[in-house]
Amino acid sequence: MSLNSNLEDVKKRIAQAALRAGRLPEDITLIAVSKTKPVSMISEIYEAGVRDFGENKVQEITAKSPVLPEDIRWHMIGHLQRNKVKQVIDRACLIHSVDSMRLAVQISEEAKKKEITVPVLLEVNIAGEESKYGFTAEETAHFLPDIASLGGITVRGLMTSAPFVDDPEENREYFRRMKQLCVDLKAQNIDNTNMDYLSMGMTNDFEVAVEEGATHVRVGTAIFGEREYNL
């Protein structure tokens, strides 16, 4: 299948999942995860109408963004090292992966230097996987007021990467817990938080994530094909 066919298939599946859940398809943002993919492939998906692209590494955003259209919205979705923050905060429209207080403080300091406000999501390790970054649900509730009080940051919601499973139904409970956490935190009306973004769901489970309330899904392989690590 061509990239365009892949994209149309993903969009159709998102729309169908949204309708099953009584949601509007246009309320879900598809982020095309373009990590390791060349500019030519990104351009093809851009020409098909996609404007939101996700990268795991700062160096890929800094290399690709200058040679691609300015209206692309780059999402930083991978683990962000504190020494790379200043390279990405004025290029990324949203940092999905704030996984520690120290990182939040670093983003705040660099944002204040540049006199900008950076939208962020708190990364939640909802399944408690040792191999993944992120706050526990309890830590998220604990640290949210402190992170929201930092200058140069606005907290838009939460992000998670669910376990890689063969049966996406196995992740439904994690997505459901993420949605409930988002609802609970929103109800606290903490200053400088919106909690209107819930970034969850990837190629193998995005339909279940949409059914459970995802506002942003991060889909790479289903659009671009298998990853290439030799670039």
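Scroll up to find the structure this text is about.
What you are looking at is a predicted structure, and each value in this text was computed from that prediction instead of being measured.

A. Structural view of the overall build of the protein chain. Looking only at helices and strands, the protein chain has 9 helices and 8 strands in total. Here the C-alpha radius of gyration of the protein chain, 17 Å, is about what a compact globule of 231 residues would show, namely 17 Å. Split into buried and exposed, the 231 residues of the protein chain put 49% on the buried side. Counting only carbon and sulfur atoms, one obtains 47% of the accessible surface of the protein chain, whose full area is about 10900 Å². A gap of 3 Å separates the mean positions of the 28 positive and 36 negative side-chain charges of the protein chain.

B. Here's a closer look at the side chain of glutamate 123. Summarising the element assignment, glutamate 123 is placed in strand β5 (residues 118-123). Despite its burial, glutamate 123 pairs with no opposite charge; the closest candidate is arginine 218, at 6.9 Å N-O. Discounting chain neighbours no more than four positions away, the residues touching glutamate 123 are His96, Ser97, Val98, Asp99, Tyr133, Gly134, Phe135 and Met159.

C. Just the state of the cysteines, in detail. Scanning the model with the defined rule gives 0 disulfides in all. With no disulfide of its own, cysteine 93 lies closest to cysteine 182 among cysteine sulfurs, the gap being 17 Å. Relative accessible area serves as the criterion here: at 29%, cysteine 93 is assigned to the partly exposed category. According to the relative accessible area criterion, cysteine 182 is buried, its value standing at 6%.

How each quantity is defined
Residues numbered from 1 in each chain as written. Predicted model: local features only at pLDDT ≥ 70, side-chain atom pairs only at ≥ 80, totals over all residues. Heavy atoms only, no water. Helix = DSSP H or I, 4+ residues; strand = E, 2+ residues; numbered from the N terminus. Rg over C-alpha atoms; globule rule 2.2 N^0.38 Å. Buried < 20%, exposed > 50% of the residue type's maximum accessible area, 1.4 Å probe, protein only. Areas by Shrake-Rupley, 256 points an atom, 1.4 Å probe, with all protein chains shown as cover. Lys, Arg positive; Asp, Glu negative; His and termini not counted. Charge placed at Lys NZ, Arg CZ, Asp CG, Glu CD. Salt bridge = Lys/Arg side-chain N within 4 Å of Asp/Glu carboxyl O. Contact = heavy atoms within 4.5 Å. Disulfide = S-S within 2.5 Å.

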